[in-house]
Amino acid sequence: MGTARRLDALQRSLYASNERQIRQMVSCPRRFARTDLDRYERELTRSIPDRIEVSTPAALRTAIGRARVILVGDYHTLAQSQRGFLRVLRAIRSGKIVVGLEFVAARFQRAVDAYMSGTIDDEVFLRRIEYRKSWPSYQVWPNFQPIFQLARRRQARVIALDCIPGECGSVFSRAEFAAWKIAEALREHPRHKVIVLMGEAHLAPEHLPAALHRALARLEMTSTRVLTIHQNLDPVYFKLMSRGLENEVDVVRLAEDRFVMPASSPIAAQHSFLAAMTGEDYAHVPDRAAVRREFLRHVRDLGRILGIKVRGLMDDVLICGPGDLEPFAERGSSFDDATWLFMASQIAVGESVCLPEKGVVYLANMSPTHVAEEAAHCLKARLAGGVVPTDPIDFLYSRALHEAVGYFGAKMFNPKRKPPTRALIREAVRRAFDPEAEDLSPEIVFAAQAAAWHRMRQGRTAFHRDAFDLHLRAMGLGGVGDLGPEVLRPIYHFLGYELGERMYVAFRAGRMTTAQVRRVFLSDFDAPGAAFPPSNPRCSQVKS
């Protein structure tokens, strides 16, 4: 497989990993059934033709000029999506326009009118439209405010299109509600264009466009031309990527009155959502140089804390940010199949890739906590990295110690970070009694339970290097070497994070000195028997 195809596979793997994170993070709105939302999104995907036609901005501008209604897809947390809508507004030279926004519920139309007339300010407007109640998980007003400002300068009316739960009982009726609001605006303003920004899934042909045509037919306005402009159709982006065109094509045509104007890569859109939900910035970095500066800043700060000289240590390391996999092509030709497989497995579960011996670091997200953790990993590997152990028990405990070092490094920059072990173990126990639960995979459940067994016994004098392996064999599961990566990875993360927490607490309390922490960073965990010596019943590498 060539480097380009490998990078394509990595992008798709990262995308799938992000989708799993988003689905785990977001529950279905109570007013909509999960099955309805899934069907709604599937219908959008099915509506994309197998063959797509590369078009041009000029062709899109012509289509905009001909249309009376322009439906533009929105990815709420992605600023590029709202900026794309602004570009469409600016492309319309006619002064007579109406702007329709899903951002506000229709019941607050009076507040919208007051705001547009200038009789109330931003603070009052947001309070009257119950902004924080409507958008409790993430704040999007900074992205939508420029739309209102441009509409005010253009003297355009803004109509609110969303509905409250009492008005719309399903995601399907939500589209019908918006369609009638748009149709009524067209009848009220017969010489105006109506430009609408709605969530991307609403723009499937059989959703809002079909509902709008039905409403227009009832109002005897069947000649009204409706144009759909998608901005975030992931399958289209991946089709372009498979042809090497994702960075060259600005417009794609799906049908006579249906275009795609990609606002960003799917991964960038996902990261905007993850950032909004977690409160940490996953993806906002100006350029590749900024990613490098941020990463090296954490490396330097760790070096100062530990009294370790790091100057020049990272000069030959290529550092890439979220979704930025193309630079791997610069060095990918020297990677063997095992390296590509490892990278793919890490990216598939949303992990970063730290390969200092190959001169490569990939950051899965740019949250400060995550960058600090990977900086600690890379610093440790550059100072005292060895060959990955082939012995399964050495591998388990060396990986756990590496995770402890990474956790410790992140904790130095974010003291509020907590190890996930206890919560996940409690959840695993709950899952054991509720087989229908879908939020944790069986592998995670087993890993959490195995880690719980380990934690309960690891402090005992009799707990020796082979104890966990023998426990697994007694359960009829084979030994540590028989565990797949989907089980082994969370086990050493659970163990390592708890150990890193104990390191940090001991260091802050003065029970572990800077010299002792420095010795941990300078120790080769990967040497045979080093992580958990056969003669030592405990993992004394990180104990004061």
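In this text, all values refer to a predicted model and were calculated from it rather than measured experimentally.

As a further point, take the pattern of salt bridges. This structure, assessed with the given rule, holds 20 salt bridges. Here Arg-157 and Asp-113 are joined by a salt bridge, their closest N and O atoms 3.8 Å apart. Here Arg-157, found in strand 4 (residues 157–162), pairs with Asp-113, found in helix 5 (residues 109–117); they are 44 residues apart in sequence, far enough to count as distant. Using a relative accessible area of 28% as the deciding quantity, one classes Arg-157 as partly exposed. Relative accessible area serves as the criterion here: at 32%, Asp-113 is assigned to the partly exposed category.

The next thing to look at is the confidence of the model for the chain. Should pLDDT be low for a region, the predicted coordinates there are not to be read in detail. Chain-level statistics for the chain give a pLDDT mean of 84 and a share of 88% at 70 or above. Every residue in residues 282–286 is under pLDDT 50, and counting partners more than four places away or in other chains gives 12 contacts. For the stretch residues 428–438, pLDDT sits under 50, and the model shows 11 contacts to residues farther than four places along the chain or on other chains.

Another aspect to go through is the packing of aromatic side chains. For the coordinates displayed, the defined rule picks out 23 aromatic pairs. Between the aromatic rings of Tyr-115 and Trp-141, the centroid separation amounts to 6.1 Å while the plane-to-plane angle is 65°, which identifies the pairing as edge-to-face. Taken together, the residues span a long stretch of sequence, with Tyr-115 in helix 5 and Trp-141 in helix 8 (residues 141–153) at a distance of 26 residues. For Trp-141, a relative accessible area of 7% puts it in the buried group.

With that out of the way, let us pick up the pairing of strand 5 (residues 193–199). With 7 of 7 residues buried, strand 5 is to be regarded as a mostly interior element. In terms of strand pairing, strand 3 (residues 97–105) meets strand 5 through 5 bridges, oriented parallel. For Val-99, the partnering residue across the bridge sits in strand 5 and is Ile-195.

Turning our eyes to something else, we now look at helix 20 (residues 467–474). Those residues of helix 20 not exposed but buried are Ala-467, Phe-468, Asp-469, His-471 and Leu-472. Those residues of helix 20 hidden inside the fold are in contact with helix 17 (392–413), helix 19 (442–457) and helix 21 (485–509). Phi for Gly-476, located one or two positions after helix 20, is positive at around 80°.

For the rest of this paragraph, the subject is a positive patch on the surface. Together, Arg-83, Arg-87, Arg-90 and Arg-153 line one region of the surface with positive charge. Considering each element in turn, the positive patch owes the most residues, 3 residues, to helix 4 (residues 79–91). You can see Arg-87 is positioned in helix 4.

Most of strand 2 (residues 69–74) sits out of view: 6 of its 6 residues are buried. Because side chains alternate across strand 2, one face comprises the buried residues Val-69, Leu-71 and Gly-73, and the other comprises Ile-70, Val-72 and Asp-74, equally buried. Pairing geometry for strand 2 and strand 5, over 6 bridges, is parallel. Bridge pairing in strand 5 links Asp-74 to Gly-199.

With mixed pairing, the 3 strands of this open sheet are ordered in space as 9-11-10. The two strands at the open ends of the sheet, each matched to only one other strand, are strand 9 (318–320) and strand 10 (353–355). For this sheet, the mean inter-axis angle between neighbouring strands, taken without regard to orientation, is 10°. Note: strand 10 against strand 11 (residues 360–362), 3 bridges, orientation antiparallel. If you follow Leu-355 over to strand 11, its bridge partner there is Val-360. The strands that helix 13 (residues 288–306) touches are strand 9 and strand 11; relative to strand 9, the one it contacts most, it runs at about 105°. Set on the sheet, helix 15 (residues 337–348) makes contact with strand 10 and strand 11; between it and strand 10 the angle comes to about 150°.

In this section: the packing of helix 2 (residues 34–46) against helix 9 (residues 171–188). Packing of helix 2 against helix 9 brings their axes to within 9 Å, and their N-to-C directions diverge by 60°. Here helix 2 is positioned oblique relative to helix 9, judged by the angle of their axes. Along the contact surface, helix 2 presents Asp-36, Leu-37, Arg-39, Tyr-40 and Glu-43, while helix 9 presents Val-171, Phe-172 and Ala-175. In terms of residue class, the contact of helix 2 with helix 9 is made up of 5 nonpolar, no polar and 3 charged.

Now for the sheet that holds strand 8 (residues 258–260). An order of 1-7-8-6-2-5-3-4 is seen for the 8 strands of this open sheet, with the pairing classed as mixed. One side of each edge strand has no neighbouring strand; the edge strands of this open sheet are strand 1 (53–55) and strand 4. Mean inter-strand twist for the sheet, computed between neighbouring axes without regard to direction, equals 30°. Relative to strand 6 (residues 226–230), strand 2 runs parallel, the two being bridged by 4 bridges.

Calculation rules
- Residues numbered from 1 in each chain as written.
- Predicted model: local features only at pLDDT ≥ 70, side-chain atom pairs only at ≥ 80, totals over all residues.
- Heavy atoms only, no water.
- Salt bridge = Lys/Arg side-chain N within 4 Å of Asp/Glu carboxyl O.
- Helix = DSSP H or I, 4+ residues; strand = E, 2+ residues; numbered from the N terminus.
- Buried < 20%, exposed > 50% of the residue type's maximum accessible area, 1.4 Å probe, protein only.
- pLDDT = per-residue confidence, 0-100.
- Contact = heavy atoms within 4.5 Å.
- Phe/Tyr/Trp six-rings, centres within 6.5 Å; stacked < 30°, edge-to-face > 60°.
- Pairing = 2+ DSSP bridges.
- Patch = residues over 30% accessible without salt bridge, like charges linked within 9 Å, V, L, I, M, F, W, Y side chains within 5 Å.
- Areas by Shrake-Rupley, 256 points an atom, 1.4 Å probe, with all protein chains shown as cover.
- Lys, Arg positive; Asp, Glu negative; His and termini not counted.
- Charge placed at Lys NZ, Arg CZ, Asp CG, Glu CD.
- Axes fitted to C-alpha atoms, helices over the stretch in contact; angles between N-to-C directions.
- Parallel < 35°, antiparallel > 145°, perpendicular 65-115°, else oblique.
- Nonpolar A, V, L, I, M, F, W, Y, C, P; charged D, E, K, R; others polar.

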